[in-house]
Amino acid sequence: MTGPRRRMGSLPRPGLRTTVTLVFAAMAALVAVLIGTLGYHSAARLIRDDESDDFTSAVRAVSGQVQSQNLFPGDFNGPTGMGEQLLHPVRVTAQALDSHGAVLPGTSHFDLPTTAADRELAAAQAPGRTETGVRNPNGIICRVGVISLGNGRGAVQIVQRLDDVEELLGELRRQMIAVVAVVVLVAGAAGWLVAGRITGRLVRLTDAAELVAASGRLDVPVPARGTDEVSRLARAFDRMLVRLATAKENQRRLVQDAGHELRTPLTSLRTNLSVLPSLNRLPPAERNALMADLADEARELTQLVEELVALAADRKADEEPTRVALAELVRTAAAQARRRSGREITVDADDSVVTARPDALARAVANLLDNAAKFDPAGTAPIEVVVRDARVEVRDRGPGIDPADLHRVFDRFYRATAARSLPGSGLGLAIVHEAARSHGGSAFAANREGGGAVIGFTLGPG
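Residues numbered from 1 in each chain as written. Predicted model: local features only at pLDDT ≥ 70, side-chain atom pairs only at ≥ 80, totals over all residues. Heavy atoms only, no water.

With respect to the packing of aromatic side chains
Next, step 1: A full pass over the atoms with the stated rule returns zero aromatic pairs.
Next, step 2: Stacked on the ring of Phe55, the Lys or Arg Arg143 has its end atom at 5.6 Å from the ring centre.
Next, step 3: The ring of Phe444 carries the charged tip of Arg391 above its face, separated from the ring centre by 4.0 Å. (Phe/Tyr/Trp six-rings, centres within 6.5 Å; stacked < 30°, edge-to-face > 60°. Lys NZ or Arg CZ within 6 Å of the ring centre and 35° of its normal.)

Written as structure tokens, this is what we have:
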């Protein structure tokens, strides 16, 4: 049993277009069969009931006449006989039997053999005795009613042929089957056309997705015409490819820039490490300078790696947004910056409360404060932090920013000419920009009147 089941399970499944076509055809066939069957049975019942009513009425009419009049078999002979008068409007015929049960010449329309029961009724004394039934003489189906004339005068046979009715119903069945077949074919063709329009774009979208999966290309054109669900899916897939291409390009640039930035401290570290074997032979001043240089380079390398990880790793999934009071967050960051730099930092904050990721905001504020302290080493004036309506500004009285550098200060690894001699990786303000953007806001930088710079960010509503 295992082998056949495995073979059956491995059979290819029909495509979506074929499936839709089959569903269309099956539904149309079901509806057509139901309607055809109900229509046929209703028509057949009406026709058969009508024929039965005609036969019953004819039998009753003849029986009534027989009981009310003394009739003889000859009275049913000829075009003016009782048979034509009573049965002319009805699709039945009559033939008379003599007292011996033989068919009276001139009254028989077709050869219907008589039975013992017919002969008995023909010899019966009581008029109006009736027996009915269905007979099949020579392959012809008939409904037969035999009525005695009484006093042994004979009997009358009322005959209704049923094969014509059954032939008519058979033709109706054949026509119903033909109609069902035509409906199924038309429905299948319509389903094939409709499914082609529905699934054509899905097939093209699937081809595009398979091409992306097979080649790794993200510039594959995606058909996205229309406004229905398939078009919305195509547009969403196209936007996803654009986002992936942008992320891939950013990743490539980040790796290249990181490799370039890491090369300098690593080269310096290797140079200093090569001197370590002869450390004991160096004068104390040079030895101390070498160790201090190693410590500074290790610290700079550590800071660079941490900022790279913070910038490259998407931590939004690790930290849930929560309600954050900006004043409290900024004061905590300012206290930490005071301890690190020894600078005076003032905070002027309103009661703004935002929905944000507190760690990301704290790091952005800390980077702004570190940047201000680095570019204003003299510390002639305090660093000012102003918080108003979900807007954070850090102001210093340093040399300011060269106008040519204002639009690039938030780029990754970008360092202005005046900053290249200062420590840092060029990622601090890039992290500020990413934090603001991820919260629906933006980062900004400008020069202050009277000297210095103001750098900060805004947060989106929420």
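Back to the write-up after that little detour.
A look at the sheet that holds strand S11 (residues 453-458)
Next, step 1: The mixed open sheet is built from five strands, whose spatial order is S6-S8-S9-S11-S10. Whereas interior strands pair on both sides, the edge strands pair on one side only; in this sheet they are strand S6 (345-349) and strand S10 (442-447). Taking the axes of each pair of neighbouring strands and ignoring which way they run, one obtains an average angle of 15° across the sheet.
Next, step 2: As defined by bridge partners, strand S9 (residues 391-395) adjoins S11 across five bridges and the pair is classed as antiparallel. Bridge pairing in S11 places Glu393 opposite Gly456.
Next, step 3: Set on the sheet, helix H9 (residues 358-375) makes contact with S6, strand S8 (383-388), S9 and S11; between it and S11 the angle comes to about 175°. (Pairing = 2+ DSSP bridges. Helix = DSSP H or I, 4+ residues; strand = E, 2+ residues; numbered from the N terminus. Axes fitted to C-alpha atoms, helices over the stretch in contact; angles between N-to-C directions. Contact = heavy atoms within 4.5 Å.)

Notes on the pattern of salt bridges
Pairing of side chains with opposite charge becomes possible as their charged atoms draw close.
Next, step 1: Taken as a whole and assessed by the stated rule, the structure comprises seven salt bridges.
Next, step 2: One salt bridge connects Asp118 with Arg135, and the closest N-O pair in it is separated by 2.8 Å. Of this pair, Asp118 sits in helix H4 (residues 116-122) while Arg135 sits in strand S2 (residues 130-135), and the two are 17 residues apart along the sequence.
Next, step 3: The partner of Glu384 in a salt bridge is Arg448, with the nearest N and O atoms 3.8 Å apart. Here the residue Glu384 occupies a position in strand S8, and Arg448 occupies one in the loop between S10 and S11, the gap between them amounting to 64 residues.
Next, step 4: Judged by its relative accessible area of 26%, Glu384 is partly exposed. (Salt bridge = Lys/Arg side-chain N within 4 Å of Asp/Glu carboxyl O. Buried < 20%, exposed > 50% of the residue type's maximum accessible area, 1.4 Å probe, protein only.)

A closer look at the pairing of S10
Next, step 1: Bridge count for S10 against S11 is six bridges, and the pairing is antiparallel. Note that in S11 the partner of Ser442 across the bridge is Thr458.
Next, step 2: Taking the residues between adjacent antiparallel strands as the criterion, S10 and S11 are bridged by five residues, where Gly450 takes a positive phi near 90°.

Quick look at the sheet that holds strand S1 (residues 93-97)
Next, step 1: The strand order across the open sheet built from four strands is S1-S4-S3-S2, with neighbouring strands paired in antiparallel fashion. Every other strand in the sheet has two partners, leaving S1 and S2 as the edge strands with one partner each. Averaged over all neighbouring strand pairs, the angle between strand axes comes to 20°, with direction disregarded.
Next, step 2: Inspection of the sheet shows strand S3 (residues 142-148) paired to strand S4 (residues 155-161) by seven bridges, in the antiparallel sense. Across the sheet, the residue bridging to Val144 is Val159, located in S4.

Considerations on the packing of helix H8 (residues 326-341) against H9
Next, step 1: At a minimum axis separation of 9 Å, H8 and H9 run at an interaxial angle of 45°. In terms of orientation, H8 lies oblique with respect to H9. Classified by chirality, the crossing of H9 by H8 is right-handed. Where H8 approaches H9, its residues Leu326, Leu329, Val330, Ala333, Ala334, Ala337, Arg340 and Ser341 are matched on the opposing element by Pro358, Leu361, Ala362, Val365, Ala366, Leu369, Asp370 and Ala373. (Parallel < 35°, antiparallel > 145°, perpendicular 65-115°, else oblique. Left-handed = near helix turned anticlockwise from the far one by under 90°.)

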